[in-house]
Amino acid sequence: MEWIVGIGMLFGLLCIIAGIAALRTGWAPRWMRRHVTRPSLYGLGLLLVGLPVFVQGFFYFHLVASPSWEVRFFGLNAFLFSGLILIGVGQMRRRS
């Protein structure tokens, strides 16, 4: 089970790195460049998706004190879903 959580933490870390790169430079992965119209929103969305996935690993491995399951569930899902919404908004076409 630990390797599944470790892979999830790796995915979260990759999302965080890609989000920082998108915020600072406007970079997007090659397969997404045509679709991303607002790199800053896309990068913020990637940060908000990667953060809860990465933090869940800290709670699983008991590296930090874990709050109650309600706080973890509702708080981290709020970050995750708001990040998904921002990724979608970052890919919407601008009106002319």
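Given the structure is predicted, the values throughout are model-derived calculations rather than measurements.

Student: I'd like a description of the environment of I85, backed by residues and values.
Tutor: Structurally, I85 can be placed in helix α3 (residues 69–90). Since its relative accessible area comes to 57%, I85 is described here as exposed. Separated by 57 residues in sequence, I85 and A28 place their C-alpha atoms 17 Å apart.

Student: Describe in detail the environment of R33, supporting the description with residues and values.
Tutor: Mapped onto the secondary structure, R33 falls in the loop between α1 (2–25) and α2 (39–60). Between the C-alpha atom of R33 and that of F79, which follows or precedes it by 46 residues, the distance is 24 Å. Once residues within four sequence positions are removed from consideration, R33 is found in contact with W27 and A28. Engagement of the side chain of R33 in a polar contact is seen with the backbone oxygen of A28, the distance being 3.0 Å.

Student: Break down the packing of aromatic side chains for me, citing the residues and quoting the values.
Tutor: Under the defined criterion, the tally for this structure stands at three aromatic pairs. A centroid spacing of 5.0 Å and a plane angle of 80° characterise the contact between F73 and F74, whose relative ring orientation is edge-to-face. Overall, F73 belongs to the partly exposed group, its relative accessible area being 44%.

Student: Residues and numbers for a nonpolar patch on the surface, please.
Tutor: Where nonpolar side chains cluster on the molecular surface, the patch consists of M1, W3, I4, I7, Y60, F61, L63 and V64 and spans about 840 Å² of accessible area. Looking at the nonpolar patch, the element that brings in the most residues is α1, giving three residues. By secondary structure assignment, the location of W3 is in helix α1.

Rules used throughout
- Residues numbered from 1 in each chain as written.
- Predicted model: local features only at pLDDT ≥ 70, side-chain atom pairs only at ≥ 80, totals over all residues.
- Heavy atoms only, no water.
- Helix = DSSP H or I, 4+ residues; strand = E, 2+ residues; numbered from the N terminus.
- Buried < 20%, exposed > 50% of the residue type's maximum accessible area, 1.4 Å probe, protein only.
- Contact = heavy atoms within 4.5 Å.
- Polar contact = N/O pair within 3.5 Å; in protein donor to acceptor, adjacent residues only side chain to side chain.
- Phe/Tyr/Trp six-rings, centres within 6.5 Å; stacked < 30°, edge-to-face > 60°.
- Patch = residues over 30% accessible without salt bridge, like charges linked within 9 Å, V, L, I, M, F, W, Y side chains within 5 Å.
- Areas by Shrake-Rupley, 256 points an atom, 1.4 Å probe, with all protein chains shown as cover.
- Salt bridge = Lys/Arg side-chain N within 4 Å of Asp/Glu carboxyl O.

Geometric values such as these leave the question of function open.
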